[in-house]
Amino acid sequence: MFIEGGITAAKGFKAGAVHCGIRKNMTKKDLAVIISDNLAVAAAVYTQNKVLGAPIIVTKQNLANNTAQLMICNSGNANTCNADGIDIANKMSQLIADKFNVQKSDVIIASTGVIGVPLEIEKIEQGIKEITVENNGSLDAAEAIMTTDLIIKEVAYEFKIAGKTCKIGAIAKGSGMIHPNMATMLSFITTDVNITADMLKLALTSTVDLTYNMVSVDGDTSTNDMVSIMANAQSGNDIIDKQDENFEEFTKALMEVNLSLAKQIAKDGEGASKLLCVTVNTAKTLEEARILSKSVVSSSLVKTAIYGNDANWGRILCALGYSGVDFDPNKVNITFKSNNRDILICKNGQSVMFDEDVATHILNYEEITIEIEMNIGNATATAYGCDLTEKYIDINASYRS
């Protein structure tokens with residue numbers, strides 16, 4: 001079940017944040033730390049962009065031994081495409097390791113913000129000197145990793161494994177430059193479950209594929225995105241070292257956490273006014289269902305129609321058609337859903353008589369589902385996104401100013 005506490009809900013984790021001067025807004029925290037009382041097994045999934053932020057490169061090196069004890073993240077500067085970026089990331093890792101008496105190789109480091117602007121290590125160093133961590137520091141840490149986000153994103157979940165109470169906590173940031181295969185999105189996850197590194201990586205990868213990798217806000221894939229997790233074994237459960245029922249319970253809980261954050265990210269898309277969910281049913285394969293749903297949720301024309309409460313189903317069929325998946329358009333049905341109401345707007349690839357006023361009313365809610373029946377198989381997938389508004393242009397036209 002969902003509980004309070006965010007990133008510090010799991011046993012043995014603390015968090016904190018401070019304003020160190022990277023962000024111009026003096027009241028905005030811009031440096032966050034999350035730490036485990038003991039060394040934890042760790043795993044991460046990274047952006048697919050060929051241009052990698054320096055923190056990604058350093059974190060990959062640090063996680064080569066599958067352990068970590070501390071996560072650090074700054075906002076306001078991505079530390080990407082800088083000549084000294086890797087040196088800065090390594091210095092940042094060493095400074096925070098020394099502060100909290102952990103090994104530098106056990107630090108997960110992340111940065112988010114503007115690309116191509118040097119990151120001043122002096123400001124980071126001063127922030128590290130001032131930062132403290134607390135048992136209830138989740139909200140501060142979640143605020144500090146935000147860039148253009150409008151809402152803080154955190155979640156915590158409690159469940160049982162073989163009678164032992166276990167918890168997962170997480171925070172995330174993400175609002176724009178978001179597209180499947182990671183995005184300008186960071187997610188930090190903690191858990192007190194006792195699990196091997198191999199099983200942790202398997203659970204993380206499988207849930208990321210169905211959650212964060214099904215989100216699209218604007219079609220841009222960033223350079224710094226990462227989902228990382230630390231598991232410190234403090235729940236006391238017998239170690240999960242194979243794909244048994246205990247592994248399934250953990251994966252199910254992790255799925256709930258990651259799905260919640262993925263939806264929060266989609267709903268908080270830059271300038272967005274609505275959460276858009278696109279579910280493709282009865283496709284041939286899961287992979288084809290995922291491709292089809294992401295094609296629709298990524299379409300700028302679909303996004304603008306949703307913003308305008310326009311039941312323009314032709315744009316949806318068009319987006320399916322250029323997805324690259326082979327299907328029979330004459331078998332496709334499309335339904336709009338929201339607030340426990342639904343309306344069929346396309347059947348067998350053709351227009352049907354529907355009440356435009358009812359359709360407009362359904363599209364006027366903050367959460368909209370487009371349900372698509374392909375009628376050629378049994379596979380289902382859902383993608384998550386948002387509408388596209390004038391505010392998106394306003395935000396990104398002045399991002400560096």
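Residues numbered from 1 in each chain as written. Predicted model: local features only at pLDDT ≥ 70, side-chain atom pairs only at ≥ 80, totals over all residues. Heavy atoms only, no water.

1. Overview of the pairing of strand β11 (residues 341–347)
- The sheet contact formed by strand β10 (residues 333–338) and β11 spans five bridges and is antiparallel. Counted as the bridge partner of S338 is R341 from β11.
- In textbook terms, the turn of a hairpin is the stretch between consecutive antiparallel strands, and for β10 and β11 this stretch comprises two residues, one of which, N339, has a positive phi near 50°.
- When β11 meets strand β12 (residues 350–351), the two strands line up antiparallel, connected through two bridges. In the strand pairing of β12, K347 is matched with Q350.
- What sits between β11 and β12 in their antiparallel hairpin is a turn of two residues, with N348 showing a positive phi close to 55°. (Pairing = 2+ DSSP bridges. Helix = DSSP H or I, 4+ residues; strand = E, 2+ residues; numbered from the N terminus.)

2. With respect to helix α2 (residues 85–100)
- In a regular helix each residue adds 1.5 Å, so 16 residues correspond to 22 Å; α2 covers 23 Å between its end C-alpha atoms and thus fits that length.
- Taken as a whole, α2 has its buried residues at G85, I88, A89, M92, S93, I96, A97 and F100. Projected onto a plane normal to the axis of α2, the buried residues spread over an arc of 170° and lie on a single side.
- Where the residues of α2 are buried, they touch β2 (31–46), α1 (54–62), β3 (67–77), β4 (107–114) and α3 (121–130).
- Where α2 terminates, the next one or two residues include N101, which has phi positive at roughly 60°. (Expected span 1.5 Å × (residues − 1). Buried < 20%, exposed > 50% of the residue type's maximum accessible area, 1.4 Å probe, protein only. Arc of directions from axis to C-beta. Contact = heavy atoms within 4.5 Å.)

3. Focus: the state of the cysteines
- Summed over all chains, the structure comprises zero disulfides.
- Cysteine C318 remains unbridged, with the sulfur of C346 as its closest cysteine sulfur at 13 Å.
- Its relative accessible area of 45% is what places C318 among the partly exposed residues. (Disulfide = S-S within 2.5 Å.)

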